[in-house]
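Each chain, written out:
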Amino acid sequence: MFVMANYAVAADAPKEETGKSIAFDKGKGNCLACHAMPTVPDAESAGTIGPPLIAMSARYPDKAKLRAQIWDATVANPQTVMIPFGKHKVLTEQEIDKVTDFVYGL
């Protein structure tokens with residue numbers, strides 16, 4: 001009985017969010033609403049509004065610039081349709097860091 005009780009607690013423990021899970025979450029990053037991720041097999045129903053997220057470390061050799069783009073894309077392009085995820089507090093600083101790490105690896 002004791003073992004089962006511990007198992008139930010462990011099974012109910014929340015999973016730590018990853019950059020990928022945040023990026024795929026329709027209530028958070030929702031990157032797939034606008035971007036394709038051709039190298040990610042489970043990135044289904046990708047949008048075509050934004051550029052495909054591929055070869056990101058080559059496109060953004062300075063990872064801080066990619067993070068800044070995710071935080072507030074209007075700084076680089078005032079006419080962008082990309083949501084300023086940090087400026088509008090859609091994502092926390094930690095979530096932006098995780099999404100940046102995930103996207104940078106694509």
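The structure reproduced in this document is the subject of the present report. (Residues numbered from 1 in each chain as written. Predicted model: local features only at pLDDT ≥ 70, side-chain atom pairs only at ≥ 80, totals over all residues. Heavy atoms only, no water.)

In this section: the overall build of the protein. A tally of helices and strands in the protein yields five helices and zero strands. Residues counted as buried form 27% of the 106 residues belonging to the protein. Pairs at least 24 residues apart make up 42% of the contacts formed inside the protein by residues separated by at least 6 positions. Accessible area of the protein: about 7100 Å², with a carbon and sulfur share of 62%. (Helix = DSSP H or I, 4+ residues; strand = E, 2+ residues; numbered from the N terminus. Buried < 20%, exposed > 50% of the residue type's maximum accessible area, 1.4 Å probe, protein only. Contact = heavy atoms within 4.5 Å. Areas by Shrake-Rupley, 256 points an atom, 1.4 Å probe, with all protein chains shown as cover.)

For helix 5 (residues 93-104), spanning 12 residues, the distance from its first C-alpha to its last is 16 Å, which sits close to the expected 16 Å at 1.5 Å a residue. Listing the buried residues of helix 5 in full gives Glu95, Ile96, Val99, Thr100, Phe102 and Val103. In an axial view of helix 5, the angular spread of the buried residues amounts to 165°, which keeps them on one side of the axis. (Expected span 1.5 Å × (residues − 1). Arc of directions from axis to C-beta.)

In this structure, Met37, Val99, Phe102, Val103 and Leu106 are the most contacted members of the largest nonpolar core, which totals 18 residues. Listing elements by their share of this core, those giving two or more residues are helix 2 (19-24), helix 4 (63-71) and helix 5. Aside from chain neighbours lying at most four places away, what touches valine 99 is Gly19, Ile22, Ala23, Cys31, Ile70 and Leu91. (Core = buried A, V, L, I, M, F, W, Y, C linked by side-chain atoms within 4.5 Å.)

Scanning the model with the defined rule gives one aromatic pair in all. With centroids separated by 6.3 Å and ring planes inclined at 75°, the aromatic side chains of phenylalanine 24 and phenylalanine 102 adopt a geometry described as edge-to-face. Separated by 78 residues along the polypeptide, phenylalanine 24 in helix 2 and phenylalanine 102 in helix 5 bring together distant segments of the chain. (Phe/Tyr/Trp six-rings, centres within 6.5 Å; stacked < 30°, edge-to-face > 60°.)

With that settled, the discussion passes to unusual backbone geometry. If you check the backbone angles, alanine 55 has positive phi at about 55° while not being a glycine. Structurally, the position occupied by alanine 55 is in the loop between helix 2 and helix 3 (56-59). Classification of alanine 55 as partly exposed rests on a relative accessible area of 39%. Although it is not a glycine, lysine 89 sits at a positive phi angle of roughly 55°. Positionally, lysine 89 belongs in the loop between helix 4 and helix 5. On the basis of relative accessible area, lysine 89 is assigned to the exposed category, the value being 70%.

The next point concerns the environment of threonine 48. With respect to the helices and strands, the residue threonine 48 is situated in the loop between helix 2 and helix 3. Accessibility expressed as a relative area gives 74% for threonine 48, which makes it exposed.

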